[in-house]
Structure formats: structure tokens, C-alpha cells
Amino acid sequence: PITITGATSPMADRLALHQHTMKEGLMSMRSLSSVTVKAGESITFKPSGYHVMWFGVAMLLEKKSTLSVLTLSNGQTIKVHAEIGSPHHVNQHHH
């Protein structure tokens, strides 16, 4: 297995691993200290599932691919390009 223990980007003060889950009809989000990918499997970071939240972004980021780095438990890093999405497209609802 491979364990992702964090993420960084030069475009933000901090990145954090999160997961949306649906339980009894309610969507909730929780912070994760790591995400483990079992041998022979893969995961996708996307809205309404595993995702990376960006904090302290110093500039306006367009909805396009941008660079971030995933850190693994063995100390290795992986450069990835990720699409920036709106923080408001998940859980849109009206009362």
C-alpha cells in the first residue's frame, strides 16, 4: 500500500486532505491525517469524495490545472497537476 500523508503547493499556505461522506442522507466532511491506497487499487480526488482543501491562497486561482505535491509516508513526494474547483459546488442546497 501507499499512504498519502499530506500535500503542499507554492500557491497556498496550507493544503489539507479531506473526505466527503454520505450517511443517512446527510453529506459531511472530515479532515484526514492520511489516505491509504491499497496495492493494485487507485483513488480519485474529486468533489463529494477525497479532496484537497487549500487554505491561505494569496492569489485568485482560475479553474484550471495547478501544481501541488503529495507527500507519502515513506518520505517520497509526487508532483501532481490538479483542477481547481469552486468550494461552493458541493452541498448546494436551498432552504
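Residues numbered from 1 in each chain as written. Predicted model: local features only at pLDDT ≥ 70, side-chain atom pairs only at ≥ 80, totals over all residues. Heavy atoms only, no water.

Quick look at the overall build of the protein
Cut-off, in case you're wondering: Comment: elements are numbered from the N terminus, with helices defined as DSSP H or I runs of at least four residues and strands as E runs of at least two. The buried label goes to any residue with under 20% of its type's maximum accessible area, the exposed label to any with over 50%, and the partly exposed label to all in between, with areas taken from a 1.4 Å probe on protein chains only. In this analysis, two residues are considered to be in contact whenever any of their non-hydrogen atoms come within 4.5 Å of each other. Per-residue and other accessible areas follow the Shrake-Rupley method at a 1.4 Å probe size, with only the shown protein chains counted as cover for residues.
The helix and strand inventory of the protein stands at zero helices and seven strands. Secondary structure elements of the protein occur, N-terminal to C-terminal, as β-β-β-β-β-β-β. In the protein, which comprises 95 residues, the share counted as buried stands at 25%. Within the protein, contacts between residues separated by at least 24 positions form 55% of all contacts whose residues are at least 6 apart in sequence. Carbon and sulfur atoms form 54% of the exposed surface of the protein, whose accessible area is close to 7000 Å².

Some points on the packing of aromatic side chains
Here is the rule: Any Phe, Tyr or Trp ring, taking Trp's six-membered ring, that has another such ring centre within 6.5 Å forms a pair; planes under 30 degrees apart are called stacked, those over 60 apart edge-to-face, and the others tilted.
A complete count under the given rule lists one aromatic pair for this structure. Ring centres of F45 and Y50 lie 6.2 Å apart, and the angle between their planes is 50°; this geometry places the pair in the tilted category. Residue F45 is classed as partly exposed on the basis of its relative accessible area, which comes to 29%. A relative accessible area of 25% means that Y50 is categorised as partly exposed.

Some remarks on the confidence of the model for the protein
Applicable threshold: pLDDT gives the predictor's per-residue confidence on a scale running from 0 to 100.
Overall, the predicted model of the protein reaches an average pLDDT of 82, with 84% of residues at or above 70. The least confident element of the protein, judged by mean pLDDT, is strand β6 (residues 65-72) at 83; the most confident is strand β4 (residues 35-37) at 95. Below pLDDT 50 for its whole length, residues 89-95 participates in six contacts with residues either more than four positions away or in separate chains.

Concerning the nonpolar core
For clarity, the cut-off: Here the nonpolar core consists of buried residues drawn from Ala, Val, Leu, Ile, Met, Phe, Trp, Tyr and Cys, with membership extended through side-chain atoms lying within 4.5 Å.
By size, the foremost hydrophobic cluster in this structure holds nine residues: I4, A7, A12, L15, L17, L32, V35, L70 and L72. Counting only elements with at least two residues in this core, the list comes to β1 (2-8), β2 (12-23) and β6. Element by element, the count of residues in this core is highest for β2, at three residues. Filtering out sequence-adjacent residues up to four positions away, I4 remains in contact with L17, S33, S34, V35, I43, F45, L70, T71 and L72.

Let's talk about the environment of S9
In this fold, S9 is placed in the loop between β1 and β2. Residue S9 is classed as buried on the basis of its relative accessible area, which comes to 9%. Here the alpha-carbon distance between S9 and T66, two residues 57 residues apart in the chain, equals 8.8 Å. Leave out the neighbours within four places in its chain, and S9 touches L15, W54, L67 and S68.

A word on the sheet that holds β2
This is how the line gets drawn: Strand pairing is assigned whenever DSSP identifies at least 2 bridges connecting the two strands. Here the axes come from fitting lines to C-alpha atoms, over the contacting stretch only for helices, and the angles between their N-to-C directions go from 0 to 180 degrees.
Taken in spatial order, the three strands line up as β3-β2-β5 in an open sheet, and their pairing is antiparallel. Either end of the sheet is taken by a strand with one partner, and the two such strands are β3 (26-32) and β5 (50-57). Each adjacent strand pair in this sheet contributes to an overall mean axis angle of 35°, direction not counted.

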